[in-house]
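Each chain is listed here by its residues.
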Amino acid sequence: MPTVVLMDVSLSMTRPVSLDGSEEFQRKNLAVHGLTVLFEHMAANYRLEFTSLVAFSSLWELLVPFTRDYNSLQEALSNLEDYDKTCVESALNGVSNMVQQEWGSSCPCQVVLVTDGSLGIGKGSLRHSLHTLKQRGDDKKFPLPFPFPVKMFIMCVANAEELQMTDAMDNLEELLRLSGGDGQIFTMEGPLCLKSVQAMFGRLIDHAYSPFHAVLHCGNLSSDVQVFPRPEPIVVDEEVEPMPRTVSTDLEIVGFVEIGDISSPPVISRHLVLPIAVNKEVDEVGTGATDELEEEASATQMAGKSPNFCVLLHGSLKVEGMVALVQLGPDWYGMLYSQADSKKKSNLMMSLFEPGPEPLPWLGKVSQLGPISEAAENPYGEDDSKSPFPVQPPIKRSYAQNVTVWIKASGLQTDVQKILRNARKLPDKTQTFYKELNRLRKAALAFGFWELLKGVAELLERECTLLPDSAHPDAAFQLSHAAQQLKLASTGDSQYAAFEHNIAPMHTDFSS
């Protein structure tokens, strides 16, 4: 998910930090060092992450739009200027507009707010913004909560004791709560120094930016892979005591299914599955020297020449037009498939299903699926002319019945016009007329739509008076009979309004 880094460049960030036996640093210098650690880690382990850098004081400025070029981000950090007082609200408004313009309102985003904990002074300060939350009009609403899913991480270049001496910590916690509460406040432990700020950003990396490594198994074959973005824990609401369920680091392929059978299933999230070299060592936080990058490049070239099951699986799924069902944990499944970005480029993707033994009803329970070789006869037929899916339920579902549903007014109008067309062709269309009439009657009774029955009855009476002289005598009798039965049903009398009851044609001397 994309990341927005909000860097506080107000005057309070220029406060000096005295370090024993070394040069004097500003809090801004510590913040820049911490962000450099973060960007170096993301360049090495989170290269697919889109990151943007925004500087703010009383106003905000987009320094670097969403990019994967971490050199440009680090260059912008080294050219930061100092401005006036802190105004978090204006910066959050800018983030909201920027993310919606770039990603829309459905893409989850991470916001890293780097500040010294100073809330600003007077109007525009965070303290003033939070105190006036309930006194605002619709045109001046506080930007939180954002209209898109967000995780907010507040990085304070200050220790907890300093923040708790004022109401800064309380206000920052309220800010985090307004964002949705899905985030964390990080403070520096010990003296304000380069080592402490590096440790603080290291905790952020461990919490939110650590790569998800897993082992993909298929029988005796296996491959080390990285899943990007990192799968989030899932909480199943239907459980009595819901517990977060996490994706296992051992992904077991349980079988293969044709793309046509899996269709387009509902999924929780989609992830890239990238093969990683077995001997590749994860760099330590903050490293990134030239010689290490050269060693990494040579290791990557060597890994590209060695056989890898992940590459074999990707090619096979792409050529055969199939997906692999993979077990993510107890009673939790997903699927691996090839997705093309363009005509020449495709990626191995993994989609996560809803937790449960039967995530896709048309496939039935995953545990009951088996290989074709064990079936008495080929379920797809000798010429692939049929399919064993969807699995038919043992009990006929209520929604599989032929029921009448009126979603729009045009649907109801069409059914009424059909009855009137048949009414004008009586007695030749007697059976069709009563079939459509009873279908509308049952739907009206099911919905409690008594006014419809009265309205159709009045329409039938009007049609009866408009019959031409050349009309068959039986037509008038049938229309009058049908109108009378609808009026009786509209009264709610159990004798005439029974759902199972059908209006039968009136037997007359003209009836054959």
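Our subject is the structure that appears above.
All values reported here derive from a predicted model rather than from experimental measurement.

(A) Representation of the overall build of the protein chain in the model. Along the protein chain, the regular secondary structure elements total 14 helices and 17 strands. Over its C-alpha trace the protein chain gives a radius of gyration of 34 Å, far above what one expects of a compact globule, namely 24 Å for 512 residues. Along the longest, intermediate and shortest principal axes, the C-alpha atoms of the protein chain span 120 × 65 × 45 Å. The burial tally for the protein chain puts 43% of its 512 residues in the buried class. For the protein chain, restricting intrachain contacts to residue pairs at least 6 apart in sequence, the fraction spanning at least 24 positions comes to 70%. As presented, the protein chain carries roughly 28,500 Å² of accessible surface, and 52% of it is formed by carbon and sulfur atoms.

(B) Local environment of the pairing of strand β9 (residues 212–218). Side chains of β9 alternate between two faces, with F212, A214, L216 and C218 buried and H213, V215 and H217 left unburied. Taken together, β9 and the strand that follows it, strand β10 (residues 221–228), pair antiparallel across an intervening segment of 2 residues, in which G219 is found at a positive phi of about 65°. In terms of strand pairing, β9 meets strand β13 (residues 250–258) through 3 bridges, oriented parallel. Within the sheet, the bridge partner assigned to L216 lies in β13 and is L251.

(C) Examining the sheet that holds strand β5 (residues 60–67) more closely. Read across the sheet, 6 strands follow the order β5-β4-β1-β6-β7-β8 without closing on themselves; strand pairing throughout is mixed. Of all strands in the sheet, those bounded by a partner on one side alone are β5 and β8 (183–188). Sheet twist, expressed as the average angle between the axes of neighbouring strands with direction ignored, equals 15°. Pairing of strand β1 (residues 3–8) with strand β4 (residues 51–56), which is carried by 6 bridges, proceeds in the parallel orientation. Directly across from T3, in β4, lies its bridge partner T51. Along the sheet face, helix α3 (residues 88–103) touches β1, β4, β5, β6 (109–115) and β7 (150–159) and points at about 30° away from the line of β5.

(D) Region of interest: the sheet that holds β10. Pairing within the closed barrel is mixed, and its 7 strands lie in the order β9-β10-β14-β17-β16-β15-β13. Across this sheet, the average inter-strand angle for adjacent strands is 40°, counted without regard to direction. Running over the sheet, helix α10 (residues 309–320) touches β9, β10, β13, β14 (269–275), β15 (322–329), β16 (332–340) and β17 (346–352) and is turned about 90° from β17.

(E) Looking closely at the pairing of β4. With 6 of 6 residues buried, β4 lies mostly within the body of the structure. Burial along β4 is two-sided: T51, L53 and A55 and S52, V54 and F56, pointing in opposite directions, are all buried. Counting the residues between successive antiparallel strands, the hairpin from β4 to β5 contains 3 residues.

(F) Main features of a negative patch on the surface. A cluster of acidic side chains, namely E258, E377, E382, D383 and D384, defines a negative patch on the protein surface. For D384, a relative accessible area of 55% gives the class exposed.

(G) Structural detail: a nonpolar patch on the surface. Together, V403, V405 and I407 make up an exposed nonpolar region whose accessible area comes to about 340 Å². Note that V405 resides in the loop between β17 and α11 (409–423). Overall, the relative accessible area of 56% leaves V405 in the exposed class.

(H) Representation of the side chain of N438. On the secondary structure map, N438 appears in helix α12 (residues 430–447). When near neighbours in sequence (up to four residues on either side) are disregarded, N438 contacts N502 and I503.

What counts, and where the lines are drawn
Residue numbering note: each chain is counted from 1, following its sequence as written. For this predicted model, a pLDDT threshold of at least 70 governs which residues receive local features, and a threshold of 80 or more governs which side-chain atom pairs are given and counted, while totals over whole chains, interfaces and linings are taken from all residues. With hydrogens and water excluded, all non-hydrogen atoms of the structure serve as input to the side-chain values. Helix and strand definitions here come from DSSP, where helices need a minimum of 4 consecutive H or I residues and strands a minimum of 2 consecutive E residues; each element is numbered from the N-terminal end. Computation of the radius of gyration draws on C-alpha atoms, with the globule rule given as 2.2 Å multiplied by the number of residues to the power 0.38. Exposure classes here rest on a 1.4 Å probe applied to the protein chains alone. A residue is buried below 20% of its type maximum, exposed above 50%, and partly exposed in between. The contact definition used throughout considers only heavy atoms, calling two residues in contact when any of these lie within 4.5 Å. Throughout, the Shrake-Rupley method with a 1.4 Å probe supplies accessible areas, and for residues the shown protein chains are the sole cover considered. In this description, strands pair whenever DSSP reports at least two bridges between them. To obtain each axis, a line is fitted to C-alpha atoms, and for helices this fit is confined to the stretch in contact; angles are then taken between N-to-C directions over 0 to 180 degrees. Residues enter a patch when their relative accessible area is above 30% and they make no salt bridge; the linking distance is 9 Å between like charges and 5 Å between nonpolar side chains (Val, Leu, Ile, Met, Phe, Trp, Tyr). The rule for a salt bridge is simple: a side-chain nitrogen of Lys or Arg has to be within 4 Å of a carboxyl oxygen of Asp or Glu. When charges are counted, neither His nor the chain ends are considered; positive counts come from Lys and Arg and negative counts from Asp and Glu. Just so you know, the charge point we use is NZ for Lys, CZ for Arg, CG for Asp and CD for Glu.

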